[in-house]
Amino acid sequence: MCQEPLARPIFATSHFIRDPLHDLHQFSDVAMHWSCYAAWPEQARFAALYFDSIASAAIENELWPVVHRSSKVLVRYGVLVQELSVLLRATGSDLRVPENEWEDWLNDRWREQVRHSLEETALRDALGELRQIG
Ligand SMILES: [Zn+2]
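Residues numbered from 1 in each chain as written. Predicted model: local features only at pLDDT ≥ 70, side-chain atom pairs only at ≥ 80, totals over all residues.

### Considerations on the overall build of the protein
Per the secondary structure count, the protein includes four helices and six strands. Counted from the first residue to the last, the protein has its helices and strands arranged as β-β-α-α-β-β-β-β-α-α. In terms of principal-axis extent, the alpha carbons of the protein reach across some 40 × 30 × 25 Å. A total of 134 residues make up the protein; the buried ones form 22% of that total. (Helix = DSSP H or I, 4+ residues; strand = E, 2+ residues; numbered from the N terminus. Buried ≥ 20, exposed ≤ 12 C-beta atoms within 10 Å, placed from the backbone.)

### Some words on the environment of Glu120
The topology assignment puts Glu120 in helix H4 (residues 117-130). For the pair formed by Glu120 and His68, sequence separation is 52 residues and the distance between their alpha carbons is 19 Å.

### Observations regarding helix H2 (residues 43-58)
The terminal C-alpha atoms of H2 lie 22 Å apart, and with 16 residues this matches the ideal 22 Å at 1.5 Å per residue to within 8%. Taken together, the buried positions of H2 are Phe46, Ala47, Tyr50, Phe51 and Ile54. Each buried residue of H2 lies within a common arc of 130 degrees when the element is viewed along its axis, so the set occupies one face. Those residues of H2 hidden inside the fold are in contact with strand E4 (73-78) and strand E5 (83-88). (Expected span 1.5 Å × (residues − 1). Arc of directions from axis to C-beta. Contact = placed C-beta atoms within 7 Å.)

Remember, this is a structural readout, not a statement about activity or role.
Rendered as structure tokens:
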């Protein structure tokens, strides 16, 4: 991406694209500035690929059972850490919320956690269905 030193907020994924011939392979374990990530022409496609990769692997993870899944968001519950992971398909980013703060977070504390307007838009779009999760 750009040549500026990495400073927060940073977006990064695990090395989830194993195929070295995939055109986005080189980006699948690279950290980038949120601002660079948001402006990247491949951002939406990359985010969806990452989301789908996590969502399909999540089925087998007993420590992070899936609480909710839709075309917009994947919510998992961390059994050991007692927090929720909210992974947004539009951004491929995840927000972690302690279980006992979930209601406050849904009300307005989520605003403190969003890292970029792209993430804010994606989260706003998913809030309605997140509030339906018991
Ligand atoms: Zn950058």
